[in-house]
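Observations on the three-dimensional arrangement
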Amino acid sequence: SQQGEEDPQALSIQEGENATMNCSYKTSINNLQWYRQNSGRGLVHLILIRSNEREKHSGRLRVTLDTSKKSSSLLITASRAADTASYFCATDATSNTGNQFYFGTGTSLTVIP
Amino acid sequence: DGGITQSPKYLFRKEGQNVTLSCEQNLNHDAMYWYRQDPGQGLRLIYYSQIVNDFQKGDIAEGYSVSREKKESFPLTVTSAQKNPTAFYLCASSLRSSPRYNEQFFGPGTRLTVL
């Protein structure tokens, strides 16, 4: 399966600290995306990094991609209690029938005020 | 007010019954997707559609069926053949299914419980 895996599965930090989550995947990708999910809700897109990019920033988010290691990391700087959520990476790969998304198992982040 | 909607938010069904989950989008997106999420798990793709009147099976299509008669609508039917249907179902859409345009927009989800 192409499904990515995030680690750690759960992360608990104090407000103001940085949070780092990692994602590993198995096959070649077109791009990798990070999503956030609040409990019982749909997912919200955070950032997309293309396979030819190595690093991307968006506000307090920093994403890196290492295609040689088939891994990505999401860094949230100066975390806030409102950042508490689950974070998923999703890889886009081309199959015989088109493009499919594969989501990882997620990292549950808790930011303690 | 553009977006993607799912209804109902909570759904209960008796074992052996078919049930249809609604997904509508007014974003003018070509591609639509159905995912299943189990507690503490990631999302698994059930079906996806890149264009009207066409759809493909995802990784866990058995026991499910879909239709795509209109661009805006992609209903999912959970049939009695699905052995373990209790889960959180998420619908998503993207402008295209190509890599350049496939940021996905998600609906709020439907929580299905089989009694």
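Going by the structure above, here's the rest.
Definitions and cut-offs
Think of each chain on its own: its residues are numbered from 1, step by step along the sequence as written. Chains carry letters and ligands carry numbers; both start at the beginning, A for chains and 1 for ligands, and go up in the order they are written. Note on the predicted model: pLDDT of at least 70 is required for a residue's local features to be given, and 80 or more for side-chain atom pairs to be given and counted; whole-chain, interface and lining totals, by contrast, use all residues. Side-chain metrics in this entry use all non-hydrogen atoms of the structure; hydrogen atoms and water are not considered. Only DSSP runs of H or I covering at least 4 residues are called helices, and only runs of E covering at least 2 are called strands; the numbering of each starts at the N terminus. Type-normalised accessible area, obtained with a 1.4 Å probe on protein chains alone, sets the label of each residue: buried when under 20%, exposed when over 50%, and partly exposed for intermediate values. Contacts described as polar in this section are N or O atom pairs within 3.5 Å, which, within protein, must combine one atom able to donate a hydrogen with one able to accept it, while residues neighboring in sequence count only if both atoms come from side chains. Whether two residues touch is decided by their heavy atoms; if any such pair falls within 4.5 Å, the residues are in contact. Criterion used throughout: strands pair if DSSP finds at least two bridges between them. Simply put, an axis is a line fit to the C-alpha atoms, just over the touching stretch for a helix, and the angle between two N-to-C directions goes from 0 to 180 degrees. Only residues above 30% relative accessible area that lack a salt bridge enter a patch, with like-charged residues linked at up to 9 Å and the nonpolar side chains Val, Leu, Ile, Met, Phe, Trp and Tyr linked at up to 5 Å. For accessible areas, the Shrake-Rupley method is used with a probe of radius 1.4 Å. Any residue's cover is judged against the shown protein chains and nothing else. We define a salt bridge as a contact between a side-chain nitrogen of Lys or Arg and a carboxyl oxygen of Asp or Glu at a distance within 4 Å.

Re the side chain of Q82 of chain B
All names here are of chain B. Mapped onto the fold, Q82 is located in the loop between β8 (76–78) and β9 (87–94). Looking at Q82, the relative accessible area reads 13%, which means it is buried. At 3.0 Å, the side chain of Q82 and the backbone oxygen of E62 are in polar contact. Contact partners of Q82, with chain neighbours within four places excluded, come to R13, R36, E62, G63 and Y64.

Describing unusual backbone geometry
Here the residue pair D7 of chain A and P8 of chain A is connected by a cis peptide bond, since its omega of 0° sits within 30 degrees of zero. Inspection of the secondary structure puts P8 of chain A in the loop between β1 (5–7) and β2 (10–14). The amide bond that connects S7 of chain B to the next residue, P8 of chain B, takes the cis arrangement and shows omega of -10°. With respect to the secondary-structure elements, P8 of chain B resides in the loop between β1 (4–7) and β2 (10–13). Look at N28 of chain B: it is not a glycine, yet its phi comes out positive at around 60°. Within the fold, N28 of chain B resides in the loop between β3 (19–25) and β4 (31–37). Classification of N28 of chain B by relative accessible area gives exposed; the value is 52%. Residue N53 of chain B is not a glycine yet carries a positive backbone phi of 65°.

What about the sheet that holds β1 of chain B?
Residues and elements named next belong to chain B. Read across the open sheet, the four strands follow the order β1-β3-β8-β7; overall the sheet is antiparallel. Both edges of this open sheet fall to β1 and β7 (64–66), since each of them pairs with a single strand only. Shown here is a sheet whose adjacent strand axes are inclined to one another by a mean of 20°, direction ignored. Note that β1 and β3 share four bridges and pair antiparallel.

As for a nonpolar patch on the surface
Together, Y10, F12 and L115 of chain B make up an exposed nonpolar region whose accessible area comes to about 390 Å². Among the structural elements, F12 of chain B can be located in strand β2.

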